[in-house]
Amino acid sequence: MNQKINKKEDWIYEYHQGVRYGLEGKLILEEFSPFQKITIYESKRYGRALLLDDCWMTAEKHEKSYHECLIHPALCSSKTLDKILIIGGGDGGSARECLKYKEVKSLDLIEIDEKVVELSKRYLPIIGGNAWSDARLRLEIKNGIDWVKNTKTNFYDVIIIDGADPVGPSEKLYSNSFLKECKRILKPGGVFATQSESPESFKNIHINIIKQLREIFDYADPIYGSVSIYPSGLWSWTFASMEKPIYKYPSKIRVKEISENCQVWSKRWQEGAFNTIPVSIERELEKND
């Protein structure tokens, strides 16, 4: 969200509210797309990393701490997995995790910035892995807002919002109008998932995302985990569904299929993550209940 990088010596930092989050290494490239500044950095600890507008997005040896937590609570629990939608996610990590499921028949990846995809494929191929060559993946360089608006009702089994902080190109991905459209195109028995910021560094934004989803869907709950390169290191992902919180009840068959290849996510981890909500956040959410 903030956003000046300091390249002093061999360190690169994201600054946020008087705190800096940095990695040691070397700059590989810095380019500008029509939408944002894109930086690729070779860190000593986590391998190659991606920054957008001077904010950490992902890193080769650390990305599973983010992608597994966003994807598996949703895909392990959705009634069916015929059609999946990802908005954002141009690095390919979320697509890779989705395509681990044999049940998935098609995956639409809608990314507004072609340059992010191009540079991720070239410099961060480990993150996308085999997803880019999987026949089930359809990549569209388009505005996700328009894509959702033009999609038929009850079309997708799972909708994933893998966007950056809610500023710039990602800002409208957290608006009421967009989230209502996501609900419209989600099949009965489906799951909506989004990254929902840090309850420490972005407390008000985090609370607002959950409140919005609880107003639009019947159920919405956050999970919490560690992504150490992000501001505060404490991060969240929020899941929503209709009729019941199905995202809390993963399929045993899918759990068995997926767990062996995960570094962070498991059924046990997920159960704990849903129960780690800070009490101050819980109080804020209960104010309008």
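Residues numbered from 1 in each chain as written. Predicted model: local features only at pLDDT ≥ 70, side-chain atom pairs only at ≥ 80, totals over all residues. Heavy atoms only, no water.

**Points about the packing of aromatic side chains**
Given two aromatic rings, one states the distance between the centres and the angle between the planes to describe the pair. To keep things clear, this is the line we draw: When two rings of Phe, Tyr or Trp (its six-membered ring) have centres within 6.5 Å they constitute a pair, described as stacked for plane angles under 30 degrees, edge-to-face for angles over 60, and tilted for the intermediate range. Secondary structure elements follow DSSP: runs of H or I of four or more residues count as helices, runs of E of two or more count as strands, with numbering from the N terminus. Three labels apply to residues, based on accessible area from a 1.4 Å probe with only protein chains included: buried if under 20% of the type maximum, exposed if over 50%, partly exposed otherwise in between. Geometrically, a lysine NZ or arginine CZ counts as sitting over a ring once it is within 6 Å of the ring centre and also within 35 degrees of the ring normal.
Enumeration according to the criterion identifies 12 aromatic pairs in this entry. Ring plane angle 80 degrees and centroid distance 5.9 Å describe the contact between Phe202 and Trp235, whose orientation is recorded as edge-to-face. Within this pair, whereas Phe202 is found in the loop between strand 10 (186-195) and helix 7 (203-216), its partner Trp235 is found in strand 12 (residues 234-241), the two being separated by 33 residues in sequence. Comparing Phe202 with Trp235, the two get one shared label, buried. Ring pairing ties together the aromatic residues Tyr66, Phe202, Tyr230, Trp235 and Trp237, which thus form one cluster. For Arg20, the ring lying beneath its charged end belongs to Tyr13, and the centroid distance is 4.2 Å. Across from the ring centre of Trp132, 4.9 Å away, lies the NZ or CZ of Lys121, which sits over that ring.

**What to know about the sheet that holds strand 11 (residues 219-226)**
Our working rule: DSSP-based pairing: two strands are paired if at least 2 bridges between them are found. Note on method: axes are straight lines fitted to C-alpha atoms, helices fitted across the in-contact stretch only, with angles between N-to-C directions ranging 0 to 180 degrees.
One open sheet holds the seven strands; their spatial order is 8-7-6-9-10-12-11, and the pairing between them is mixed. The sheet is open, and its two edges are formed by strand 8 (137-141) and strand 11, each paired on a single side. Pairs of neighbouring strands in the sheet enclose a mean axial angle of 15 degrees, with direction left out of account. Direction of pairing for strand 6 (residues 83-88) relative to strand 7 (residues 106-111): parallel, over a ladder of five bridges. Considered in strand 7, the bridge of Ile87 is made with Ile110.

**Here's the deal with unusual backbone geometry**
Of note in this structure, Asn154 is not a glycine but carries a positive phi near 55 degrees. Within the fold, Asn154 resides in the loop between helix 5 (144-149) and strand 9 (156-162). For Asn154, a relative accessible area of 42% gives the class partly exposed. Positioned with a positive phi, Glu197 is a non-glycine residue whose angle comes to about 70 degrees. Looking at the secondary structure, you find Glu197 in the loop between strand 10 and helix 7.

**Concerning helix 3 (residues 114-123)**
Selection rule: Contacts: residue pairs with any heavy atoms within 4.5 Å of one another. Counting of polar contacts relies on pairs of N or O atoms within 3.5 Å, with two restrictions inside protein: one atom must be capable of donating a hydrogen and the other of accepting it, and residues adjacent in sequence are counted only when both atoms are side-chain atoms.
Regarding helix 3, the residues found buried are Val116, Val117, Leu119, Ser120 and Tyr123. Turning to helix 3, the residues buried within the fold contact strand 2 (19-32), strand 3 (37-43), strand 4 (47-52), strand 7, helix 4 (125-128) and strand 8. Where helix 3 starts, the residue carrying a side-chain oxygen 3.1 Å from the main-chain nitrogen of Lys115 turns out to be Asp113.

**Re the side chain of Ser33**
Topologically, Ser33 is positioned in the loop between strand 2 and strand 3. A polar side-chain atom of Ser33 sits 2.6 Å from a polar atom in the side chain of Asp113. Leaving out residues up to four positions away in the same chain, Ser33 has contacts with Ile38, Asp113 and Lys115.

**A word on the side chain of Glu68**
To keep it simple, the criterion reads: The sign given to each residue is positive for Lys and Arg and negative for Asp and Glu; His and the chain ends receive no count. What makes a salt bridge here is a side-chain nitrogen of Lys or Arg within 4 Å of a carboxyl oxygen of Asp or Glu, nothing more.
As for its placement among the helices and strands, Glu68 is situated in helix 1 (residues 64-75). Although Glu68 lies buried, it forms no salt bridge, and the closest oppositely charged side chain, Lys64, sits 4.2 Å away as judged by the N-O distance. Polar side-chain contacts of Glu68 include one of 2.8 Å to the backbone nitrogen of Val264. Once residues within four sequence positions are removed from consideration, Glu68 is found in contact with Pro73, Glu97, Asn261, Cys262, Gln263, Val264 and Trp265.

**Topic: helix 8 (residues 252-259)**
What counts is decided by this rule: In this description, one arc is meant: the one made by directions from the helix axis to the C-beta atoms.
All of the buried residues in helix 8 are Arg254, Val255 and Ile258. One face of helix 8 carries all of its buried residues, which in axial projection span an arc of 105 degrees. Exposed positions of helix 8 whose direction lies more than 90 degrees from the buried face are Lys252, Ile253 and Lys256. Looking at the buried side of helix 8, the elements it contacts are helix 1 and helix 9 (267-274).

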